[in-house]
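# Coordinates in review
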Amino acid sequence: IFGDDRYETSVAIAEKMDSLLGGVYTVDRAFFTRGDNFPDALAVGPVAATSMSPILLVPTDSIPAAIADAVNDLDIKSGVIVGGPDVVSEGVKSSLRTLMIANGGDDHDPLIIERWYGDDRYATAIDVIENGLAARLIDLDTLGVATGLNFPDALGGGSALGWYGSPLLLTRDTSVPESVITFLEDHEYEIGRVDVFGGSDVVSDAVKSTIGGKLKM
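First, a word on scope: everything that follows refers to the structure included in this document. (Residues numbered from 1 in each chain as written. Predicted model: local features only at pLDDT ≥ 70, side-chain atom pairs only at ≥ 80, totals over all residues. Heavy atoms only, no water.)

This part takes up the overall build of the protein chain. The helix and strand inventory of the protein chain stands at eight helices and seven strands. Since a compact globule built from 217 residues should have a radius of gyration of about 17 Å, the 17 Å found for the protein chain is in line with a globular shape. Looking at the protein chain as a whole, 47% of its 217 residues are labelled buried. If you take every contact in the protein chain between residues at least 6 apart in sequence, the share linking residues at least 24 apart comes to 74%. Summed over all atoms, the accessible surface of the protein chain reaches about 10100 Å², with 50% contributed by carbon and sulfur. Side-chain charges of the protein chain comprise 15 positive and 34 negative groups, with the mean position of each set lying 3 Å from the other. (Helix = DSSP H or I, 4+ residues; strand = E, 2+ residues; numbered from the N terminus. Rg over C-alpha atoms; globule rule 2.2 N^0.38 Å. Buried < 20%, exposed > 50% of the residue type's maximum accessible area, 1.4 Å probe, protein only. Contact = heavy atoms within 4.5 Å. Areas by Shrake-Rupley, 256 points an atom, 1.4 Å probe, with all protein chains shown as cover. Lys, Arg positive; Asp, Glu negative; His and termini not counted. Charge placed at Lys NZ, Arg CZ, Asp CG, Glu CD.)

So, in structure tokens, the structure goes:
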């Protein structure tokens with residue numbers, strides 16, 4: 001499954017999803033993430049999987065023709081941008097909204113195209129989790145943790161988490177961001193177990209211990 005570039009490959013995957021789900025589930029919602037950096041797409045992967053919605057990649061300031069065509073062809077009527085305006089611009093958000101309204105999306109609904117984000121990649125991953133929990137797309141029976149500084153471990157772990165219906169939390173390699181500490185404290189009695197993806201040179205034992213110490217199981 002591929003296209004001429006990363007954007008067209010995301011379209012090819014979305015089209016494959018649509019064909020596999022045809023007759024069972026209608027793909028009419030999509031997640032949009034920046035295509036030239038990885039953290040936001042990794043964070044939303046499990047939530048997108050459980051909602052059976054594709055992830056379509058976009059540049060910061062434009063919508064590739066292949067993506068615009070996919071929104072039309074798949075009849076996407078609502079969506080979520082993952083990342084702040086400096087990651088995916090307000091202009092892109094406005095253009096996506098116009099495409100969705102043309103597909104029959106509710107132009108009076110302020111959430112026809114939402115934005116989930118935080119101050120950095122770690123806070124954005126948390127906002128994805130909080131929104132996924134609020135929508136009952138995921139739960140905290142399992143919480144995955146991976147470094148937010150590189151993509152391979154979060155990519156592999158995220159696939160498993162999508163199957164579980166569980167979220168992915170990003171952390172630094174040798175320290176835990178304050179936003180992550182706050183999230184763990186807010187949900188300390190809800191988290192059933194934590195799976196850390198990657199060895200101690202990727203997510204240090206000190207980080208693993210700090211995260212484990214915040215849980216009340």
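Next, the rest of the story.
All right, on to the sheet that holds strand S5 (residues 142-147) then. Read from one edge to the other, the open sheet built from three strands follows the order S6-S5-S7, with strand pairing classed as parallel. The two strands at the open ends of the sheet, each matched to only one other strand, are strand S6 (168-171) and strand S7 (193-196). On average, each strand axis in the sheet is tilted by 30° relative to the strand beside it, whichever way the strands run. Taken together, the four bridges between S5 and S6 define a ladder with parallel strand orientation. The residue bridging Gly 144 from the neighbouring strand is Leu 168, located in S6. Strands in contact with helix H5 (residues 121-134) are S5 and S6; relative to S6, the strand with the most contacts, it is inclined by about 165°. (Pairing = 2+ DSSP bridges. Axes fitted to C-alpha atoms, helices over the stretch in contact; angles between N-to-C directions.)

Okay, the packing of H5 against helix H7 (residues 178-186) next. Taken N-terminus to C-terminus, the directions of H5 and H7 make an angle of 25°; their axes are 8 Å apart at the nearest point. One way to sum up the angle between H5 and H7 is to call them roughly parallel. Judged by the sense of rotation from one axis to the other, the crossing of H5 with H7 is left-handed. Here Tyr 122, Ala 123, Ile 126, Ile 129 and Glu 130 of H5 lie close against H7, whose contacting residues are Ser 179, Val 180 and Phe 183. For the contact of H5 with H7, the per-class residue count stands at six nonpolar, one polar and one charged. (Parallel < 35°, antiparallel > 145°, perpendicular 65-115°, else oblique. Left-handed = near helix turned anticlockwise from the far one by under 90°. Nonpolar A, V, L, I, M, F, W, Y, C, P; charged D, E, K, R; others polar.)

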